[in-house]
Each structure stands twice: as structure tokens, then as C-alpha cells.
Amino acid sequence: MDTIVINGLFINSYNQLISSPYFKKFMIDYLGTIEKKGEVPEVLKKFKKKNFKYDDIMNYLYTLTLKPSNDLDDKTRSQLQNFVEGFYDFWREKHRFIVKRERFSKNVNERNGILKSAMYLGEEFENTVRNLYRDLEFNTSLKVQKVFRQLPSGAQVIFITDKIRNSPKIRMKYEWMYSVSFIWSAVIAPPAIFHTKSNKRTGVFPVVKSKFLDKVKLDRGWYAMPIKVGNLLMYIYFNYKYLAHAAGLTNLFEMADLTEPRKPDGIVIFGLPIDYIGNEYKDGVIYEDEIYAGVIPDLDENDYFGYAKKMILTVHNLIMIDKGKLPVHGSLATIKLKNGRKANIMFVGDSGAGKSETLDALGRLDEVEYVNILIDDMGSLSIEDGRVVAYGTEIGAFVRLDDLPPGYAYSTLDRSIFMNPDQTNARVIVPFDNYSEIISPTPIDFFFYANNYTKVESDEERIIFFKDLKSAIDVFSKGARMAKGTTSEKGLSFSYFANPFGAVQRKEIHEKLADLYVGKMFETGVKVGEIRTMLGVAGYENEGTLLAARQLIKLI
């Protein structure tokens, strides 16, 4: 039981907490764990014959909250104290969520009141849990702690849910899509830290034509989150075991209101049993049905936020290609210098190429007034009024901690979500909250391929420009990069147009679109080139992006 979901109970007393079914379930889990290690206190063994009498154990613990254990010897008291400490740590190691069912209201004042109520519920629950631990600790040890550490002890996230009532005609055909509870808001208690079973993504999601939607069934353990991916509406379905990834989405995508009773542009289902899709699609698959349906099977190796993010973006990109738009795996930002000059710069590159890191380096230079990030990882290009413009998809960034400057993650501690911070490829999800900007068309001034593997010695070599369309397409299509451990790849690897998220699956169509859009850039004066970030060159992981950023300032 790595994920605990509490369904909206108002718990603000020891009696309510200890007598709740969640406490009992958790106690069963903990006692089973320490019994295997032979660490059950002798005083609790009297509550076991063939099996533990959990109700009697909980009554005993409740009694310990009322008065000190003066009648216990030192050995028993020490064992009980260790039990309480272990029980508390066991609780805090879990992913902890409260799901509160509240009717979605079109009235903003009513919604604000619901959120305040949810915040109060979360604070009362946290205080109750922490105080229970404190009183049990004192009444078993009879020692007053010299230092109290107010550790996060309640729910990490409170999800506010409701059912969709006004749904489109597709509801009659696929009732399961609207039968689950939809998350329409969330309250996050930072620092939100989640430890998932995997920290790396593998493979490319194949696209398969199939009437897959006909056979889907979701039980009560499922939740849906409606999000905006750029201008698209998508429904993301999560098995309760993967609610940590639903929490991550709140920092990465704009949540959609439940007032939009229309068919989604695409869906993603995270956590379906592998039997649904077969062993050949363990990394995930996208079914081309009445709508695109991305599916990530319920496997430990898929318990990584990158699967949710990249599946969502792959579905987005397939839809964009169908619309004649060019999806781009890259970053876009408006950089304004203190001398008044500014430019919109787009970087194309796969994970670890140095896109986000170069933008961060720009923001740290004295000459720069601001860096306004409009696209962090994925966007799409369109031709409007005879020029190429870009649209974003995300309102946040999913960034490797190792590639950020020292201290940056701590500066965002109060609003970020951390994934596996103690492991290789540790990540942080940082929100930007600029949805209105990312869905507005932004003209491009510079269009760069982010090369992280070429070592350069002089400033003149850090940025080069292509003279013609063929030279540019050759480099962008090759999609070379030095893998940084964010996927299963190692060393110098290649990915068509640095975009295995839709471009590879629709390569023939994408090639025509790429020629059209990059050709339009040359035609309209957009400077197309390559920037050498050296992020994958040993010894230049931090300095390389800073050197590239300084050269960019000269260009601007």
C-alpha cells in the first residue's frame, strides 16, 4: 500500500482518526511489515491469537493518548516508543491524498469557498495526525523533546472532484469516460515529494488502429483530470495508485473547468492492467480510434511521471500533425536585454540537449532584463499571416535537478513537486502559470537545433547558421544528442527531428511539414541555426550553457 487515498472525511480528533477504516487498514499493513522482521513489541503480542485483534490494538493506542504509561517497565516503554516512531515514519513514507467530492459550481465565489473549506480540512487533518504522534510519543517515553520538528504529516494533495453531468453524445457510446470522478481543483502542501518505482522512460509509443475504446471498463479506483494541452482539451485517467502523477500534472498543465461539456480531443489512461493491451505494448501504446487514446499499462517500470507527460504530448502532437501543424520538441522564450533589444528564440532538441538549461543561464546574466518562457518542452508551429508562429502546451517545466544551477530547486521549494530527489535523474516540476501567453501566437526570430555533444573552443563556434533548407533539415532530422540518463539510451543517440513523440510515428507526413515550415522561415528572414550547449560534454555540464547564453546575447 504505497498510496493512501482518504475519501473526504473530516478528521479533527484522535477518536475519529483511530476509529477510521483508513487507520485500521494502515495498521494492518504496518504490523504485517514489522512482524516479518520480528519487531512487534511484546506488549502488543497479547492482542494476537491466530491473528491480531486490530480493534483491541487501536483501543489500546487510544488509551495511550489519554494518559502516560506509568505502569510499563523501561524495556516495554522503549519497544512501544520505537513502534510509535516506526508507525509515524511508515505513514510519512506513503503517498497521501484526500479526495473530497464537491459539486462544481459556475459561481467563482462558491468555488473559492469550497477550496477554503478543503484547505481547512487538510490543516485540521495534519494537526490531528501530528498531535497524535506527539502525544503517543510522550505518553510512551515520558520524555519531553527539546526540539519539535513540524514534519509534513497530513495529505500531500487534496483533490476536489465531481461527476460530469452535461456530457456530449459520445457519453452514450462510452459511458465509462464520464462515470468516474473528475478532478476540478487541488490543494497542494509543499514541499510535495514523491518517490515512484521508476525514474526513467523507455521506448516509443506506437500508434495502432483499433476499436479499443469499446472494451474499456474503469472501476471506482479511477479518477479523471481534464486538462488543457495548448488549445486542446484532454481527459487523463489515473488509477488511484498513480495519483502522484496526477498531482504532477497540476504544475505542468492548465486544468480545465467542468463547464466544458464537449468531447475531448484526446485521452490518456494511466494504469490499465497489461491484459487489456498485451505484452507487446509494455511501454505504452496509442490507439487510433474515434479519438486518440494513449494507454500506459499498470507496471512498476512505468511508474514514472515522464510516461504521463510524454504520452499526453505525443497524443497532442499526433492531433497537430493531422491539423497540418508542425509539433516541435523544444523550448521558446522571449529574451529582453536591459538595452531594450529583445528576441523570440526557439530551441529544438531531445531530453538533456540543454534547452531549459540555456534559458536558465540567460536569466542569470547581468545584461538580461527578463526571460519569459513560453514553451519549455513541446509546442507547435503554425503559419499565420504569412509568417511562422509558435504555440505552447505546458504551464510548467519537468526538469532534471542535476542540470539546474545550485540552489535553484530550493528557490522554488514552496511551489514545486519533486520526484525521486535522492536518485539519478531526479526531477522537479516547476509551475509558470502563464496559460494565456502560451496559447497566443508568438513569431519566431531564431530557430536553433540544440547540440549538446560537440565540444567547441571559440565563441564563434558556439552558434552557427545554416545557409539553405537542406543543410538545416539534415541536422534537425538527424536529431543527434548525447544521452543524459533521462531515458534508457546511453551515449550519442539519434531521434528523428529530436521528437519521438508523434514525429516518428507520422514521419512521412512530418517530413513534408518540416520542409514547409523551415522553408517558410528561410523565406521570411527567421535565422535558422545550431547552438552548441555542451551539456553532454564532460566537464562542461554547467559552463557550456552559460557560454552559449553569452553568445546569444551578442546576437540579440
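This text follows the structure it describes.
Residues numbered from 1 in each chain as written. Predicted model: local features only at pLDDT ≥ 70, side-chain atom pairs only at ≥ 80, totals over all residues. Heavy atoms only, no water.

A. The environment of Ala472, seen in detail. Tracing the chain through its elements places Ala472 in helix α14 (residues 469–478). By relative accessible area, Ala472 is classed as buried at 0%. In this structure, the C-alpha to C-alpha distance between Ala472 and Gly519, residues 47 residues apart in sequence, is 9.5 Å. Here Ala472 is in contact with Phe466, Val518, Phe522 and Val528, once residues within four sequence places are set aside. (Helix = DSSP H or I, 4+ residues; strand = E, 2+ residues; numbered from the N terminus. Buried < 20%, exposed > 50% of the residue type's maximum accessible area, 1.4 Å probe, protein only. Contact = heavy atoms within 4.5 Å.)

B. Local environment of the pairing of strand β18 (residues 396–400). Of all the 5 residues making up β18, 5 are buried; the element is thus mostly covered by neighbouring parts of the structure. Residues Gly396, Phe398 and Arg400 of β18 are buried on one face, and the alternating residues Ala397 and Val399, pointing to the opposite face, are buried as well. Across 5 bridges, β18 lies against strand β20 (residues 427–431) in antiparallel orientation. Opposite Arg400, over in β20, you have Arg427 as the bridge partner. (Pairing = 2+ DSSP bridges.)

C. Local environment of the side chain of Asn344. Along the chain, the position of Asn344 falls in strand β14 (residues 342–348). The exposure class assigned to Asn344 is buried, which follows from its relative accessible area of 11%. Look past the residues within four positions of Asn344 in its chain and what remains in contact with it is Leu332, Ala333, Thr334, Thr442, Pro443, Ile444, Asp445 and Phe446.

D. Structural view of the environment of Ile312. Within the element layout of this structure, Ile312 appears in helix α10 (residues 305–322). Ignoring sequence-local partners within four residues, the contact set of Ile312 consists of Ile227, Val229, Met234, Ile236, Leu249, Phe253 and Val268.

E. Spotlight on unusual backbone geometry. Cis geometry is found at the peptide bond from Pro190 to Pro191, where omega equals -5°. With respect to the helices and strands, the residue Pro191 is situated in the loop between β4 (181–188) and β5 (192–194). Look at Asn420: it is not a glycine, yet its phi comes out positive at around 50°. Tracing the backbone shows Asn420 in the loop between β19 (417–419) and β20. For Ala498, which is not a glycine, the phi torsion comes out positive at approximately 55°. Summarising the element assignment, Ala498 is placed in the loop between β25 (492–494) and α15 (507–524).

F. Here's a closer look at the packing of aromatic side chains. All told, the structure shown has 36 aromatic pairs when counted by the stated rule. Aromatic pair Phe305 and Phe398: ring centres 5.0 Å apart, planes at 65°, arrangement edge-to-face. A residue pair is termed long-range when its members are at least 10 positions apart, and Phe305 in helix α10 and Phe398 in strand β18 qualify at 93 residues. Each member of the pair Phe305 and Phe398 is classed as buried. Counting every residue linked through ring pairs, the aromatic cluster contains Phe23, Phe26, Tyr30, Phe83, Phe87, Phe90, Trp91 and Phe125. It is Lys94 that lies over the ring of Phe90; its NZ or CZ is 4.2 Å from the centre. Looking at Arg427, its charged tip hangs above the ring of Phe398, at a distance of 4.5 Å from the centre. (Phe/Tyr/Trp six-rings, centres within 6.5 Å; stacked < 30°, edge-to-face > 60°. Lys NZ or Arg CZ within 6 Å of the ring centre and 35° of its normal.)

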